[in-house]
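Read off the chains here:
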Amino acid sequence: MSRPRALSAAVLAAAVLFAAPGARAAETPPAAPEPSAPEGLFIDRVEVNVVNLEVFVVDRDGRRVTDLGRDDFELRVDGRPVEIANFYASRGAAAGEEAEAAFLPGAAVAGAAGAPAVAPSDPDELRERRLNLMVYVDHTFLRPGNRRRVLDHLREFLATGLDEHTWVMLVGYDGAVHVDAPLTRDRETLRAGLDALGGHAGGPGPLTIDRVIHVLQNTPTDAATGERLGLDQILTSFMAQEEAKLRLSVHALAESLALFAGLPGRKAVLHVSDGLPAEVMQAAQAMFATDSSPVAGLRQGERRLYDELVRHAQAHQIALYPMDARGSGSEPLAGADVAMRFDPAGPVITTAELTAMETLNRQEPLIEMAAATGGTAVLDTFDFDRALDAISADFESFYSLGFAAPDNGDGHRHAIDVRVTRPGLRVRHREAYVDKPLVERVRDRTTSFLHLGMESNPMGVELALGEPERDGRRWIVPLLVRVPAAGVTLLPDAEARRGRLHFFLVVRDDRGRVSKLTHLPHPLTVPLDQAAPDESDLGLGIHLEVRPGSWTVAVGVWDEIGGGESYVRERVEIVEPEPPPRRGRHSR
């Protein structure tokens with residue numbers, strides 16, 4: 001999913017054309033500012049971003065509570081009370097018929113004390129209830145044996161533990177991101193994808209504290225003071241190597257989360273690893289009585305990476321379910337010594353303390369990722385079947401609270417707090433959301449639909465490719481985006497009917513490399529004395545610059561005034577002609 005150089009300038013030129021006479025539009029593509037009303041046009045319209053929040057409730061004994069209604073919940077955003085506009089209760093397998101009925105148009109599920117639950121009323125709302133699940137395996141922080149054990153359990157889980165509303169995608173990371181199974185419900189495709197996941201090269205797992213200590217114990221000491229020479233440099237070097245590895249891993253996961261950014265419905269990621277490093281040098285620093293400011297700075301860098309990852313998940317409304325594939329983690333570290341002193345000035349450290357430090361080091365990021373996004377972390381267990389059953393219960397039994405974001409697409413992160421009025425219950429949900437402007441949501445959907453091979457075209461948009469022309473080592477491909485004028489909203493002012501279309505363009509090659517997304521907003525103007533172009537097409541002419549090969553171009557079209565959206569794709573095939581055979585000196 002890296003950006004190919006061949007696509008760094010995918011759009012060379014663009015112009016909007018009206019097929020109907022008298023209509024005008026921008027002749028050259030302007031910059032892409034935030035969307036606003038076309039000049040001279042006042043739009044009395046409020047854009048509402050409805051946020052759906054999944055909430056899980058258990059009693060003191062950890063049993064799921066499924067009989068709550070809308071009035072049992074209190075919702076606050078940034079400390080301010082917010083009205084729950086939409087409410088839905090999915091009551092899990094125990095109430096399968098009831099939950100299924102709620103997906104039918106016009107159906108409703110009774111809540112506590114007869115309070116009606118808001119149920120989907122059309123196919124679009126049904127689509128919002130679907131679950132998109134990504135199984136993400138980080139091979140760089142996962143030993144092959146642990147991966148093999150978890151994949152064996154995942155085979156059964158994906159074959160029998162998910163209902164027909166769940167779509168699954170399998171992704172692996174081994175220094176590059178590999179989609180081993182596209183988003184699908186087909187069990188055979190998932191079985192083949194699991195085989196592909198098991199075929200990747202495993203890694204050594206995260207840097208362990210006992211490995212660091214082993215190196216430090218063998219560093220030379222100053223004969224006079226007893227201090228170990230070059231300790232800070234060794235710690236800094238270790239930390240820099242691990243931080244670089246972690247940065248690549250976190251960025252790859254963030255890119256993978258973006259695949260789900262524009263999808264409708266609920267979204268979750270099951271993240272499989274041997275744990276991730278968090279402040280791995282803190283224990284070593286304490287043991288050796290050192291205070292290295294470079295190491296402290298690198299530790300802060302780790303923390304920023306995890307915070308960034310959590311923000312990505314919250315922005316895309318994705319729940320993270322990290323799984324520690326090591327199992328119970330009961331193996332003691334640093335041999336069988338009962339107590340150790342690594343430095344004359346340092347404390348005595350027992351094996352149990354060292355083991356606890358190691359476990360906390362690897363599991364702390366997993367716990368924080370799950371808590372911040374509304375998921376749960378699978379830790380300290382070899383009973384992965386039971387853990388996966390608990391995750392499946394999350395997917396089937398939950399409350400959905402829908403509310404209108406009060407900040408009107410400001411692009412900022414906002415804290416969420418949900419409480420229940422019934423005493424003795426515990427609530428879990430993601431801690432925040434990002435109030436994306438609508439233009440960013442359309443961008444997300446364009447990219448997601450490209451990667452996942454999806455289309456949605458209520459506006460009837462069509463793509464037409466022209467004849468490619470060679471330009472040096474690259475090829476120029478004309479692309480015409482046709483939009484039926486009848487589906488575009490134009491509002492009148494004193495002089496003309498005006499509107500605005502936004503075009504979003506992104507290209508991917510068959511190796512998964514993706515261009516930068518291009519956004520082209522275009523104002524539309526039809527003079528009042530001209531007939532509206534209801535039976536004509538609006539067209540965007542684009543020149544794509546690509547190299548020989550196979551490409552997929554995705555185009556998103558958004559009618560800013562009317563709110564219509566369409567997402568379409570087209571394949572581009574450029575075959576380099578065979579060079580003519582060379583004539584030898586003796587050929588005739």
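In this report, the structure presented in the accompanying data block is examined. Nothing here was measured: the structure is a model prediction, and the numbers come from that model. Starting afresh in each chain, residues are numbered from 1 along the sequence in its written order. Two thresholds apply to this predicted model, a pLDDT of at least 70 for residue-level local features and 80 or more for giving and counting side-chain atom pairs, whereas whole-chain, interface and lining totals are computed over all residues. Calculated side-chain values reflect all of the structure's heavy atoms, with hydrogen atoms and water omitted.

### Considering the overall build of the protein chain
Part 1: Within the protein chain one finds 11 helices and 28 strands.
Part 2: Restricting the contact set of the protein chain to residue pairs at least 6 apart, pairs at least 24 apart contribute 75%.
Part 3: Surface accessibility of the protein chain: about 26,900 Å² in total, with carbon and sulfur atoms responsible for 50%. In this text, helices come from DSSP runs of H or I with a minimum length of four residues, and strands from runs of E with a minimum of two, each type numbered from the N-terminal end. Contacts are assigned to residue pairs that have any heavy atoms within 4.5 Å of one another. For the area figures, the Shrake-Rupley method with a 1.4 Å probe applies, and any residue is considered shielded solely by the protein chains shown.

### Overview of the packing of helix α3 (residues 144–160) against helix α4 (residues 187–198)
Part 1: Lines fitted to C-alpha atoms define the axes, with helix axes restricted to the stretch in contact, and inter-axis angles between N-to-C directions lie between 0 and 180 degrees. Here α3 crosses α4 at 175°, and the two axes come no closer than 10 Å. In terms of their interaxial angle, α3 and α4 are classed as roughly antiparallel. Residue-level contacts link R147, L151, L154, R155, L158 and A159 of α3 to R187, R191, L194, D195, L197 and G198 of α4.
Part 2: Under the scheme applied, nonpolar residues are Ala, Val, Leu, Ile, Met, Phe, Trp, Tyr, Cys and Pro; charged residues are Asp, Glu, Lys and Arg; polar residues are all the others, including Gly. Classifying every residue of the contact of α3 with α4 gives six nonpolar, one polar and five charged. Working definition: roughly parallel below 35 degrees, roughly antiparallel above 145 degrees, roughly perpendicular at 65 to 115 degrees, and oblique for all remaining angles.

### Focus on unusual backbone geometry
Part 1: At D78, a residue that is not glycine, the phi angle is positive and equals roughly 55°.
Part 2: Tracing the chain through its elements places D78 in the loop between β4 (73–77) and β5 (80–81).
Part 3: Taking the relative accessible area as the measure of exposure, D78 reaches 38% and is therefore partly exposed.
Part 4: Phi is positive for Q317, which is not a glycine, with a value near 60°.
Part 5: Examined against the element boundaries, Q317 turns out to sit in the loop between α8 (293–315) and β13 (318–324). Working definition: with a 1.4 Å probe on protein chains only, accessible area under 20% of the residue-type maximum means buried, over 50% means exposed, and in between means partly exposed.

### Things to note about the sheet that holds strand β6 (residues 86–91)
Part 1: Here the rule is simple: two strands pair whenever DSSP picks up at least two bridges between them. Reading across from one edge, β6-β16-β3-β18 is the order of the four strands in this open sheet, with antiparallel pairing throughout. At either margin of the open sheet sits one strand with a lone partner, and together these are β6 and β18 (426–428). Each strand axis lies, on average, 25° off the axis of its neighbour in the sheet, ignoring direction.
Part 2: Pairing analysis gives three bridges linking strand β3 (residues 50–58) to β18, with the strands arranged antiparallel. Bridging across to β18, V58 finds its partner in R426.

### Describing helix α10 (residues 384–396)
Part 1: The span expected for a helix works out to 1.5 Å for each residue beyond the first. Taking 1.5 Å per residue as the helical rise, α10 with its 13 residues ought to reach 18 Å, and the 18 Å between its terminal C-alpha atoms agrees with that figure.
Part 2: Buried within α10 we find F384, A387, L388, I391, S392, D394 and F395. For α10, the arc enclosing every buried residue in end-on projection is 150°, short of the 170-degree limit, so these residues lie on one face. Among the exposed residues of α10, those pointing more than 90 degrees away from its buried face are R386 and D389. In this context, the arc is that of the directions from the helix axis out to the C-beta atoms.

### Focus: the packing of aromatic side chains
Geometry of an aromatic ring pair is reported as the spacing of the ring centres plus the angle between the planes.
Part 1: Planes of paired rings set the category: under 30 degrees apart is stacked, over 60 is edge-to-face and the rest tilted, where pairs are Phe, Tyr or Trp rings (Trp by its six-membered ring) whose centres lie within 6.5 Å. Under the definition given, this model contains seven aromatic pairs.
Part 2: A ring pair is formed by Y321 and F395, whose centres lie 5.6 Å apart and whose planes are at 80°; its orientation type is edge-to-face. Pair noted here: Y321 is in strand β13 and F395 is in helix α10, with a separation of 74 residues, a long-range link.
Part 3: Of the residues examined, F395 reaches a relative accessible area of 7% and is grouped as buried.
Part 4: Through a chain of ring-to-ring contacts, three or more aromatic side chains come together here, namely F73, F87 and Y399.

### A closer look at the pattern of salt bridges
Part 1: A side-chain nitrogen of Lys or Arg and a carboxyl oxygen of Asp or Glu constitute a salt bridge if their distance falls within 4 Å. Applying the stated criterion across every chain yields a total of 18 salt bridges.
Part 2: For the salt bridge of R63 with D61, the shortest nitrogen-to-oxygen distance reads 3.3 Å. Pair check on accessibility: R63 and D61 agree, each one exposed.
Part 3: With its nearest N and O atoms 3.3 Å apart, the salt bridge here joins R143 to D274.

### Quick look at the pairing of strand β16 (residues 397–404)
Part 1: Extensive coverage of β16 is indicated by the burial of seven of its eight residues.
Part 2: Sheet topology places β6 next to β16; six bridges connect them, and they run antiparallel. By the bridge assignment, F87 is partnered in β16 with L401.

### Some remarks on the environment of I84
Part 1: Residue placement: I84 occurs in the loop between β5 and β6.
Part 2: Residue class for I84 comes out buried when judged on its relative accessible area of 8%.
Part 3: The spacing of I84 and F73 is 11 residues in sequence and 8.5 Å in space, taken between C-alpha atoms.
Part 4: What I84 contacts, discounting residues up to four positions off in sequence, is R70, F73, L75, L401 and G402.

### Re the packing of α3 against α10
Part 1: Orientation of α3 relative to α10, taken along the N-to-C sense of each, is 45°, at an axis distance of 10 Å. One finds that α3 runs oblique with respect to α10. Note on packing geometry: the crossing formed by α3 with α10 is right-handed. Where α3 approaches α10, its residues R149, V150, H153, L154 and F157 are matched on the opposing element by F384, D385, L388, S392 and F395.
Part 2: When its residues are assigned to classes, the contact of α3 with α10 shows six nonpolar, two polar and two charged. In this scheme the handedness of a crossing depends on how the near helix is turned from the far one: anticlockwise by less than a right angle means left-handed, clockwise means right-handed.

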